[in-house]
Amino acid sequence: MKRLPKDHTLKHIGILILSVVVFISFITPAANTFYSPFNQGSIHGSAVASHASRDLVLISKSVGLETPTLESGHTALNVADMNNDGNPDIISVGDHGNPYVNTQEHGIMVWLNNGNGTWDVHQNGDFGYGGIAAGDINNDGYMDVAWGIHHDYSGVPGWGDTLEGAALGDGTGYNWIPYATGLGTGGESWGMFATDLADFDCNGLLDLVSQSFGMGQGIHVYKNHGDGNWSHVWSVDGSTLFSENNLEVGDANADGCPDIFASTNTEYVYFGNGSFGFTQHQNGLPTGQYTGIDCRDINNDGCDDIVFGLGSSGIRCYTYDKSTDSWVSASNGLPTTGTYYAQLGDINGDGFVDIVGYAGPQGYVYLGDGNGNWVQSGSWTMPSPGDYSDLVVNGDIDHDGREDIVIQAKSGTNQLRAYSAWVEPTELTARVTLPHGGETYRAGSIRFFKWLAAVPPSQGPATVDIQLSLNGVSGPWETIAQGVPNSGCYQWLVDASGSNHCRVKVIVSTGSDSVSAISP
């Protein structure tokens, strides 16, 4: 994944030192009008997708994911393009078997995506059992990783000997340089797990948040100093907090400061203030154990919403109402009984966020309409009994313009699978999924652009240009990135003057065609 060059990064550090704070906001669609970006005008071809209405059929694309043999217990997977080839890969620090507990699992595990439904695993290190996140933590253009683990007994300084860690990548997806001084020094003593990266202080560097599993260790945030050093800046007491293995970062109130969403039994949502201060905002949310959690904007108002399993009471989805600082149920059509784990993503490629729910050994897709209504369409079955280990939806592994499902569940040992609602594209199409109206990006901070592109296999791999307008669809358009791999995600060090009328355009090009799409 191509990033901004070093001189660009230094430019922004200078801006921050001068304390210049600039906001750019993306146009909010009209109230009660829900846009599909496929219907936006295009410049270099048609951006309209011909996704006919149909019951989803989920196809396994899992050849190579059976290696190595796994063990049991939870993990926290992630999906990201680790080697800059445009194909999202699967990353993990393994389940209870990592490292070498009745298995050959060890260290950071990367299943590189060959783009044809097959995968090749690469492993590095002697630590594991936890959760992993990916991002460019030193702004050098290569994907890096950070993790929280339980098995921290590698004995190698900075490389798996603390409960949280981080390492720099070199673009291969399997060579790592430890980058972890100061991590794991906040009083954690046992079992850190779900981990994410976000620029909590909006200074142009990704920081780390990690949540324990079980009870006792809570949630911890570390500031990234950009030189391999980290400092502990905030935590949640875990003495009465029982945590599951999911934690997400988003922006619920669209103020440009990242927020934290945790799958625990009592404390679920913390709003960030841009300087490592966090306060709970969970008015309207139900109480109980959250089993799995994810955040995205389901109703196109610029505020991230949440989905979660609620104990044994099915799946719940809630949108955030800024005017009342409260959460409002948007759960019509979702199951109300059973223990589920849930994720959000556009599984049928229609521009609306869908819900993926798993209650072992069955998985289900609930199609959304942008108004909090859900219709079950499509399912899959894992090998029995299918006890949950992890579920993630975070990108399009096969470039058909639809997001895909990665699931790990137990049948004797844990089984890792990838499922796609695959329909072979017949035309090149594109759609911007982030931003899509109402978001705030702060100048000098790290934020992300995301898109989905359907690429006919006959046209080969695609590349992407990303452009920004501060004056709506009329432009002028400034090129943010050019010729980046078609991974569906671009990490941006925000470089723009203030505006309330921003739009993003992606131009997807193959050897024989080109198409563009503009954010709504």
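Just so it is clear, the structure is predicted and the values come from calculations on it, not from any experiment.

### Observations concerning the overall build of the chain
Along the backbone of the chain there are one helix and 38 strands. Viewed in the frame of its principal axes, the chain has a C-alpha envelope of about 55 × 55 × 45 Å. The buried share among the 520 residues of the chain stands at 63%. Contacts in the chain between residues far apart in sequence, at least 24 positions, make up 59% of those at least 6 positions apart. Counting every atom, the chain has about 17,200 Å² of accessible surface; 50% of that belongs to carbon and sulfur.

### Focus: the confidence of the model for the chain
Taken residue by residue, the chain gives an average pLDDT of 90. The fraction at 70 or more is 90%. A low-confidence stretch, residues 1-21 (pLDDT under 50), is modelled with 44 contacts involving residues beyond four sequence positions or located in other chains.

### Thoughts on the side chain of Arg316
On the secondary structure map, Arg316 appears in strand β22 (residues 315-321). Buried charge Arg316 goes without a salt bridge, the closest partner of opposite sign being Asp305 at 16 Å. A distance of 2.7 Å separates the side chain of Arg316 from the backbone oxygen of Ser313, its partner in a polar contact.

### Some remarks on the domain arrangement of the chain
For the chain, the assigned domains read domain 1 (59-420) and domain 2 (431-518). Of note, the centres of domain 1 and domain 2, computed from C-alpha atoms alone, are 24 Å apart. In this assembly, 32 residues from domain 1 lie in contact with 22 residues from domain 2. Counting the surface lost from both domain 1 and domain 2, the interface buries some 1,900 Å², and carbon and sulfur atoms represent 52% of this. Linking domain 1 with domain 2 are one salt bridge. One salt bridge connects Asp346 with Arg431, and the closest N-O pair in it is separated by 2.4 Å. Along the contact surface separating domain 1 from domain 2 lie 10 residue pairs in polar contact (both at pLDDT 80 or more). Partitioned by chemical class, the residues of the side of domain 1 that touches domain 2 number six nonpolar, 14 polar and 12 charged.

### Some points on the nonpolar core
Of all hydrophobic cores here, the largest spans 26 residues; its most connected members are Phe449, Trp451, Ile466, Tyr490, Trp492, Val506 and Val508. Those elements that place two or more of their residues in this core are β31 (429-434), β33 (446-454), β34 (463-469), β35 (477-485), β36 (489-493), β37 (499-509) and β38 (514-518). Residue contributions to this core peak at four residues, all from β37. Apart from residues lying up to four places away in sequence, Ile466 is in contact with Phe449, Trp451, Glu478, Thr479, Ile480, Ala481, Val484, Tyr490, Val504, Lys505 and Val506.

### Considering the sheet that holds strand β4 (residues 89-92)
Consider a sheet: its strands pair through backbone hydrogen bonds, and that pairing is either parallel or antiparallel. Spatial ordering of the open sheet is given by β3-β4-β5-β6, a layout of four strands whose pairing is antiparallel. Lying at the two open borders of the sheet, with one neighbouring strand each, are β3 (78-80) and β6 (119-124). Ignoring which end each strand starts from, the neighbouring axes of this sheet average 25° apart. Note: β3 against β4, three bridges, orientation antiparallel.

What counts as what
- Numbering of residues starts from 1 in each chain and follows the order in which that chain's sequence is written.
- Restriction of local features to residues with pLDDT of at least 70 applies here, the model being predicted, together with a cutoff of 80 or more for giving and counting side-chain atom pairs; totals for whole chains, interfaces and linings are based on all residues.
- The basis for every side-chain value is the complete set of non-hydrogen atoms in the structure, without hydrogens or water.
- To qualify as a helix, a DSSP run of H or I must reach at least 4 residues; to qualify as a strand, a run of E must reach at least 2; elements of each kind are numbered from the N terminus.
- Burial status follows relative accessibility: with a 1.4 Å probe on protein chains alone, a residue under 20% of its type maximum counts as buried, one over 50% as exposed, and anything between as partly exposed.
- Contacts: residue pairs with any heavy atoms within 4.5 Å of one another.
- Computed with the Shrake-Rupley method and a 1.4 Å probe, the accessible areas treat only the protein chains shown as cover for residues.
- As a per-residue quantity, pLDDT reports the predictor's confidence and falls between 0 and 100.
- Residues scored as charged are limited to Lys and Arg (positive) and Asp and Glu (negative), so that His and the chain ends carry no count.
- A pairing counts as a salt bridge when a side-chain nitrogen of Lys or Arg comes within 4 Å of a carboxyl oxygen of Asp or Glu.
- Within 3.5 Å is the distance limit for a polar contact, defined as a pair of N or O atoms, with the added protein rule that one can donate a hydrogen and the other accept it, and that residues adjacent in sequence qualify only through two side-chain atoms.
- Residue ranges assigned to the domains are those given by an automatic or database domain assignment.
- What gets called buried area is simply the loss in accessible area from a 1.4 Å probe that two parts show on being joined, summed for both.
- Residues are sorted three ways: Asp, Glu, Lys and Arg are charged, Ala, Val, Leu, Ile, Met, Phe, Trp, Tyr, Cys and Pro are nonpolar, and all the rest, Gly among them, are polar.
- What is meant by a nonpolar core is a set of buried Ala, Val, Leu, Ile, Met, Phe, Trp, Tyr and Cys residues, joined one to another through side-chain atoms within 4.5 Å.
- Should DSSP find at least two bridges between two strands, the strands are taken to pair.
- Only the contacting stretch of a helix is used when fitting its axis, a line to C-alpha atoms as for every element, and angles between N-to-C directions run 0 to 180 degrees.

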